[in-house]
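Coordinate analysis (summary)
Spelled out from the first residue to the last, the chains are:
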Amino acid sequence: MDFTLPTLLVVAIFISLGILSQWVAGLVKFPPIVIMSIVGLLIGPIFGWTNPEKLLGSELFSTVISLAVAIILFEGSSNLNARELKGISIAMRRILTLNALIGWTLGTLAMYFIIGFPLSISLVLSGLFIVTGPTVIQPLLKQAKVKRSVDSILRWESIILDPVGPMLALLALYVFQFADDGFQMALIMDYVIGFTAAAALGYGGALLFRLMLSTDVLPQHLMTPMQFVFIIIIFSLSDTILHESGLLAITIFGFVMAQLKNQHLIFQESDHFIDDLSMISVSTVFILITSSLTMDMLRVVIAWEVLLFCLVMILIVRPISVLLSTINTELTIREKLFVSGVAPRGIVALTVAGFFGGLFNEMNTDMAEMIVPVTFALVFITVVVYGFGFKPLSKALDLSSRKPPGVIIVGESYFAIQLAIRLKEHNIPVAISDVLANQRYNIEDYGIEKISGSLLAESERMFQDMTRFDKCLLLTRSFTFNNLAFNVLSEEFGVKNVNIVAPPKDAHTTIEDWERNHILFDEDLNYRVLNKFIRENEIVEIPSSERSTLKDDDFILYHISKDKKITFNVLTSNVKNSSGSVLGVLKGARQYMKK
């Protein structure tokens, strides 16, 4: 089937397909890469509906890829806060350094000898392949709920190495460009000037942006668009001074910004914008690249050399690099084996590989046309293998939590403590975060875990073992604070898994329609009423089969199923009965409120 779509429609289709693929992946609980790969292959080489590289032209196609990679690298480096690396374990330090170095070396050898790539391509791509995609790792960790020691290593490895991999690949590319140009003094000076300009633009741009904010020259409502302007100007100027130095400049800009912003709330809006822009860029470019593959390229993907290389990366390179780098560390042998058995490559790897493929094509390097197919094969195979093998492997090594999904309660109060005690009786993980520093109760005396620090700060949450929890209850006395916390924590837990206690009646607070879906229990059961009632009464649990015996004065708080999954009652929907389940009830609460 051979016909050409209008360019404008193609752009709209690819942006839409990228986001829709992310949405569908969430619905079916598949890694987004799998869905995006299928979509890209179907509309591109399989059905032949479009080839965006031919339609847009190589120059425009490469420009789109380059700008997208710049945004992706900025997003990654701007989250790379050096202060967060203090106090990490020996194993973590080794995984981030020695493991990456060994993996880079062995990957280069495997690519050079098995596939037959030139040494330049092998070294550049292997530097890129040390990246383990956080977009794949994070959902896997939430699903399997593995032991905290391995969870933190895999999570931090994906976050830290995500921007580092492309930087190492870029460094290797510069080295080979030096070599190709013969290390002539004039050319070396060109590179020195270019690198200096890139560093100056990146570092100076971050300082200038910070100065504009601190002196109120830049109004708050223009901060986000201005940051985007800085990204494209710094990238373009640096790239004009020295071809392909723009990525280095933008990485420096992002890293310095990460150190300067210090997680201030003023940066949250721009951070969200960059995160969203990065996701759109990654999703769109991934489908652009996969749909630009040809049938000849797909034959490369299934060639025995490529498949053998992928197996070697999974079964030999990753285990050797992890096992060697973690000798004499605090990890047990089972933990080492598990970490060595998990290394899915993500969207960033293929997106950036498309960029490097274009560069090597411009340099007329042998086998440059195979860069994208080989990278696609490694990304797709590792995502499938690790994605579907993660949970069975964690169970086989006895490293996954056998406890049901837990609950975090934000706000220390007597009701929160009594609710936590009830949930613990069912072996449901529960923790209380006293974000308002109430300190009226010593939570640990009740045998309940206390979370220190502010859960509203992403830098604090990163150090907490959040994978054990999938629900959050906001039970502080301040409805205003609860609303603020809802906006922040819904990103962590998902909107449907965060609920709020009702506002006090005398607060003259209007409950919006969307809020009603998240108001706990009943409009009359606010913070004051719950805590007053629970001092004289208790939470009573009954089999759900006895629900018909409840009276109008009784309030149902929650439902715990036979497999220990908890559902909390909210204004707009009542919990449902199920076989072998129990209900948590406040008996006579409505009559109590009338006293």
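The structure displayed is predicted, hence computed values, not measured ones. (Residues numbered from 1 in each chain as written. Predicted model: local features only at pLDDT ≥ 70, side-chain atom pairs only at ≥ 80, totals over all residues. Heavy atoms only, no water.)

1. Some details on the overall build of the protein
So the rule is basically this: Labels follow the DSSP assignment, with helices taken as runs of H or I lasting at least four residues and strands as runs of E lasting at least two, numbered in each case from the N terminus. Only protein chains enter the accessibility calculation, which uses a 1.4 Å probe. A residue is then buried if its area is under 20% of the maximum for its type, exposed if over 50%, and partly exposed in between. Whether two residues touch is decided by their heavy atoms; if any such pair falls within 4.5 Å, the residues are in contact. Residue exposure ignores everything except the shown protein chains as possible cover, and the areas themselves are Shrake-Rupley values with a 1.4 Å probe.
When helices and strands are counted, the protein shows 23 helices and 9 strands. Here the protein holds 595 residues, and the buried ones make up 53% of them. Within the protein, counting contacts between residues at least 6 apart in sequence, those at least 24 apart form 74% of the total. Accessible surface for the protein amounts to roughly 26200 Å². Of this, 61% is attributable to carbon and sulfur atoms.

2. Thoughts on the sheet that holds strand β3 (residues 449–451)
Our working rule: Here the rule is simple: two strands pair whenever DSSP picks up at least two bridges between them. Lines fitted to the C-alpha atoms define the axes, with helices restricted to the stretch that makes contact. Angles between their N-to-C directions range from 0 to 180 degrees.
Read from one edge to the other, the open sheet built from 5 strands follows the order β3-β2-β1-β4-β5, with strand pairing classed as parallel. Lying at the two open borders of the sheet, with one neighbouring strand each, are β3 and β5 (498–500). Recorded for the sheet is a direction-independent mean angle of 25° between the axes of neighbouring strands. In the sheet, strand β4 (residues 469–474) pairs with β5 via 3 bridges, with the strands oriented parallel. Within the sheet, the bridge partner assigned to Leu474 lies in β5 and is Ile500. Its contacts with the sheet put helix α18 (residues 414–425) on β1 (406–410), β2 (430–433) and β4, and the angle it makes with β2 is roughly 165°. Sheet strands in contact with helix α20 (residues 479–493) are β1, β4 and β5, and its direction is about 170° off that of β4.

3. Examining the confidence of the model for the protein
Going by this rule: Confidence scores per residue from the predictor, reported as pLDDT, run from 0 to 100.
Overall, the prediction assigns the protein a mean pLDDT of 78, with 84% of residues at 70 or greater. The secondary-structure element of the protein with the lowest mean pLDDT is helix α19 (residues 458–461), recorded at 61, while helix α14 (residues 304–325) shows the highest, at 91.

4. So, the sheet that holds strand β8 (residues 566–568)
Strand order in this open sheet of 4 strands is β6-β9-β7-β8, and the pairing throughout is antiparallel. Across the chains shown, the open sheet's two edge strands, defined by having one partner strand only, are β6 (540–543) and β8. Averaged over all pairs of adjacent strands, the angle between strand axes in this sheet comes to 30°, irrespective of strand direction. In this sheet, strand β9 (residues 582–586) lies alongside β6 in antiparallel orientation, the contact comprising 4 bridges. Bridging across to β9, Pro543 finds its partner in Val582. Relative to the sheet, α18 contacts β6, β7 (555–560) and β8, its axis offset from that of β7 by approximately 35°.

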